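Topology and contacts: notes
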Amino acid sequence: MSDQIKFIVDNLNKEPFKKNYNLITFDSLEPMQLLQVLNDVLAEIDPKQVVDIREEMPEQTAKRMLSLLGILKYKPPGNATDMSTFRQGLVIGSKPVIYPVLHWLLQRTSELKKRAYLARFLIKLEVPNEFLQDETVADTNKQYEELMEAFKTLHKECEQLKTSGFSTAEIRKDISAMEEEKDQLIKRVERLKKRVETVQNHQRMLKIARQLRVEKEREEFLAQQKQEQKNQLFHAVQRLQRVQNQLKSMRHAAADAKPESLMKRLEEEIKFNSYMVTEKFPKEIESKKKELHFLQKVVSEPAMDHSDLLELESKINEINTQINQLIEKKMMRNEPIEGKLSLYRQQASIISRKKEAKAEELQEAKEKLANLEREVSLKTNQTREFDGTEVLKGDEFKRYVSKLRSKSTVFKKKHQIIAEFKAEFGLLQRTEELLKQRHENIQHQLQTIEEKKGISGYSYTQEELERVSALKSEVDEMKGRTLDDMSEMVKKLNSLVSEKKSALAPVIKELRQLRQKCQELTQECDEKKSQYDSCAAGLESNRSKLEQEVRGLREECLQEESKYHYTNCMIKNLEVQLRRATDEMKAYVSSDQQEKRKAFRNSGKNKKLYEKVMVQT
């Protein structure tokens, strides 16, 4: 608690609050002052909360603060039953209630400011359905929802731009650098143009260079097309492998499956699904509805104080005493039929609970099985996409390891040869550098001689012409080779497609037969299902009729039992009265005076009463 107060005081002394508190002065604040501090923190988060607590009613203050804390998603410590104490503490300015709120608000002020800002635009106004029947109100509400969605998208884009790292200064720097680079490129192009204009036949050479660039682009396009066709072929082979694997699994399932086993499996699934639909799900829905009704009732009720709790406790005690009395009466009856029924009820409840538990276990097992199957299929697809092959198992994996070992020895030899080639390549590279230096020196000497003779640039133009002619011949050869390769590849692809079609023809025939069988089985299953549904509906109607008859007979039995007990009590009362009457007659008729005095009509007040009755009669 002391750390909490210290954190609150430190943050209140900083910007923007500047309260100048210490631990003693803050702890000695009055409830109204503490509420004002809380309101100042809330006003920093939401500017609408700038209010003087003294000029506002306590109920309005509590309502306003609770609504804002609800928007900020503050959860009070404790369970739902402590909400009334939290409201009361907020109204009276209780320190155990306000300190955690201040600590929570000051920990995440920037985040809560953003949440309060968004709440102004994203908290939807609920319009009753009877008002939405009006077209103008409905259109306005629709426009309001569209504007809310547009605000969400714009806010997301704004946040992404803020966090993307781009700034206007950096963009301006990039633009200025690109403009400078553009100017440099323009100057360089102008220099090159001036340099080319001095060369003879420069237009023809430019035309040849342009054609060369076009052919290079076409070559790249053809290479890209070739790669795409290779990828398509690879994907087609993978698809064929997947289809073959599916066909194998379907054949395996068709070989193992029999009509009896299929029908048995379908009947089990139908029983399980019917139990889930008719018994389990309705019970769960009913329990959820009851829980929802109870929670709605709790929410709709006003805040409870101590007197209400005492009244509820007294009611609970009264109901408990009534329940105990009823249990004692039932135990006093000690009826054997009820005892047997209670045993059967207990057994039935135990069996139903076991059945529900097993159904839940079965549902969880099915979900786990489906998840595992999805994971296995994902892993197999990933391995196929990675290297185009299936996962190896058992002996295949051993053979694959032996192949890898043999390939590793070959790899070591090749690696040694590559190392030798690298050493030779280093020597050749060094000789190439020396020859380039010599060539540059000779070229420089040639340029000086050409300048002296007055024919500068002659060797350069000659070399350029030779190089362009060589490049053109190479491009022509490459075009011929690429066209031949493309034609051969098209022929190979056509032959592969025809081979795959011929290989897949018997498989497709078998697949058609299996589809026909599947359609027949599904039709038969639908017929059996309809028969089962009709039979189940008839049995259900008979069961409901029998239940009604049993209920009526039980009510008649209870009525007859109550009549029987009532007549027994009346007989016992009459017997007692008859016994008293016989005793009275004996005492009245006897010759003994003492016995006569014991009689009811001869005793004191009773005698006078009896005489009055006789006089009246």
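Coordinates for the structure precede this section.
What comes next concerns the included structure. This structure is a prediction, so every number in the text was calculated from the model and none was measured. (Residues numbered from 1 in each chain as written. Predicted model: local features only at pLDDT ≥ 70, side-chain atom pairs only at ≥ 80, totals over all residues. Heavy atoms only, no water.)

A count of helices and strands for the protein chain gives 18 helices and zero strands. When the 617 residues of the protein chain are sorted by exposure, 13% land in the buried category. Counted over contacts in the protein chain with a minimum sequence separation of 6, partners at least 24 positions apart contribute 60%. For the protein chain, the accessible surface area stands at approximately 51300 Å², while carbon and sulfur atoms represent 57% of it. (Helix = DSSP H or I, 4+ residues; strand = E, 2+ residues; numbered from the N terminus. Buried < 20%, exposed > 50% of the residue type's maximum accessible area, 1.4 Å probe, protein only. Contact = heavy atoms within 4.5 Å. Areas by Shrake-Rupley, 256 points an atom, 1.4 Å probe, with all protein chains shown as cover.)

Once that is clear, we can look at the pattern of salt bridges. Applying the stated criterion to the full structure yields nine salt bridges. Residue Glu111 is joined to Arg115 by a salt bridge in which the shortest nitrogen-to-oxygen separation is 3.1 Å. Of this pair, Glu111 and Arg115 are both found in helix H7 (residues 109-122), four residues apart, which corresponds to roughly one turn of the helix. Arg543 serves as the salt-bridge partner of Glu540, at 2.3 Å between the closest nitrogen and oxygen. (Salt bridge = Lys/Arg side-chain N within 4 Å of Asp/Glu carboxyl O.)

A few words on the side chain of Asn11. Within the fold, Asn11 resides in helix H1 (residues 2-13). The residues touching Asn11, leaving out its near neighbours within four places in the chain, are Phe17 and Leu106.

Taken as a whole and judged by the stated rule, the model has four aromatic pairs. Measuring from ring centre to ring centre gives 5.4 Å for Phe26 and Tyr99, while their planes differ by 25°; the resulting arrangement is stacked. Of this pair, Phe26 sits in helix H2 (residues 23-27) while Tyr99 sits in helix H6 (residues 95-107), and the two are 73 residues apart along the sequence. With respect to class, Phe26 is no different from Tyr99; both count as buried. These aromatic residues form a ring-pair network of at least three members: Tyr21, Phe26 and Tyr99. (Phe/Tyr/Trp six-rings, centres within 6.5 Å; stacked < 30°, edge-to-face > 60°.)

The next subject is H1. Along its twelve residues, H1 runs 17 Å from first to last C-alpha, staying within 8% of the 16 Å computed at 1.5 Å per residue. Taken as a whole, H1 has its buried residues at Gln4, Ile5, Ile8, Val9, Asn11 and Leu12. Buried-residue contacts for H1 involve H2, helix H3 (31-45) and H6. (Expected span 1.5 Å × (residues − 1).)

Turning our eyes to something else, we now look at a nonpolar patch on the surface. Together, Leu233, Val237 and Leu496 give the surface a local cluster of nonpolar side chains, amounting to about 190 Å² of exposed area. Its place among the elements puts Leu496 in helix H16 (residues 458-589). (Patch = residues over 30% accessible without salt bridge, like charges linked within 9 Å, V, L, I, M, F, W, Y side chains within 5 Å.)

In the contact formed by H7 and helix H9 (residues 135-163), the axes pass within 10 Å of each other and the chain directions differ by 155°. Judged on the interaxial angle alone, H9 and H7 are roughly antiparallel. The residues of H9 that touch H7, namely those facing Lys114, Tyr117, Leu118, Phe121 and Leu122, are Met148, Phe151, Lys152, His155 and Glu159. Of the residues contributing to the contact of H7 with H9, the split by class is six nonpolar, one polar and three charged. (Axes fitted to C-alpha atoms, helices over the stretch in contact; angles between N-to-C directions. Parallel < 35°, antiparallel > 145°, perpendicular 65-115°, else oblique. Nonpolar A, V, L, I, M, F, W, Y, C, P; charged D, E, K, R; others polar.)

Direction vectors running N to C along H1 and H6 enclose 50°, while the axes themselves pass 9 Å from each other. The orientation of H1 relative to H6 falls into the category oblique. The hand of the H1/H6 crossing is left-handed. On H6, the residues touching Gln4, Ile5, Phe7, Ile8, Asn11 and Leu12 of H1 are Tyr99, Pro100, Leu102, His103, Leu106 and Gln107. Classifying every residue of the contact of H1 with H6 by side-chain character gives eight nonpolar, four polar and no charged. (Left-handed = near helix turned anticlockwise from the far one by under 90°.)

On to H9, then. Taking 1.5 Å of rise per residue, 29 residues should cover 42 Å, and H9 covers 42 Å from first to last C-alpha, within 8% of that figure. Along H9, the residues that are buried comprise Asn141, Met148, Phe151 and His155. In this fold, the buried residues of H9 make contact with H7 and helix H8 (129-132).

Before going further, it helps to examine a negative patch on the surface. A cluster of like negative charges, contributed by Glu520, Glu524, Asp526 and Glu527, occupies part of the molecular surface. You can see Glu524 is positioned in helix H16. (Lys, Arg positive; Asp, Glu negative; His and termini not counted. Charge placed at Lys NZ, Arg CZ, Asp CG, Glu CD.)

So, about the nonpolar core. Judged by nonpolar contacts, the single largest core of 32 residues is most densely connected at Leu12, Phe26, Leu38, Leu72, Leu102 and Leu105. When residues of this core are traced back to their parent elements, those giving at least two are H1, H3, helix H4 (58-71), helix H5 (83-92), H6 and H7. It is H6 that provides the largest number of residues to this core, a total of eight residues. Leaving out residues up to four positions away in the same chain, Leu102 has contacts with Ile8, Phe26, Val37, Leu38 and Val41. (Core = buried A, V, L, I, M, F, W, Y, C linked by side-chain atoms within 4.5 Å.)

What follows is about a positive patch on the surface. On the surface, Lys330, Arg345, Arg551 and Arg554 cluster together into a positively charged patch. Following the sequence through the fold, Lys330 ends up in helix H13 (residues 306-333).

Honestly, it's all geometry; don't read function into it.
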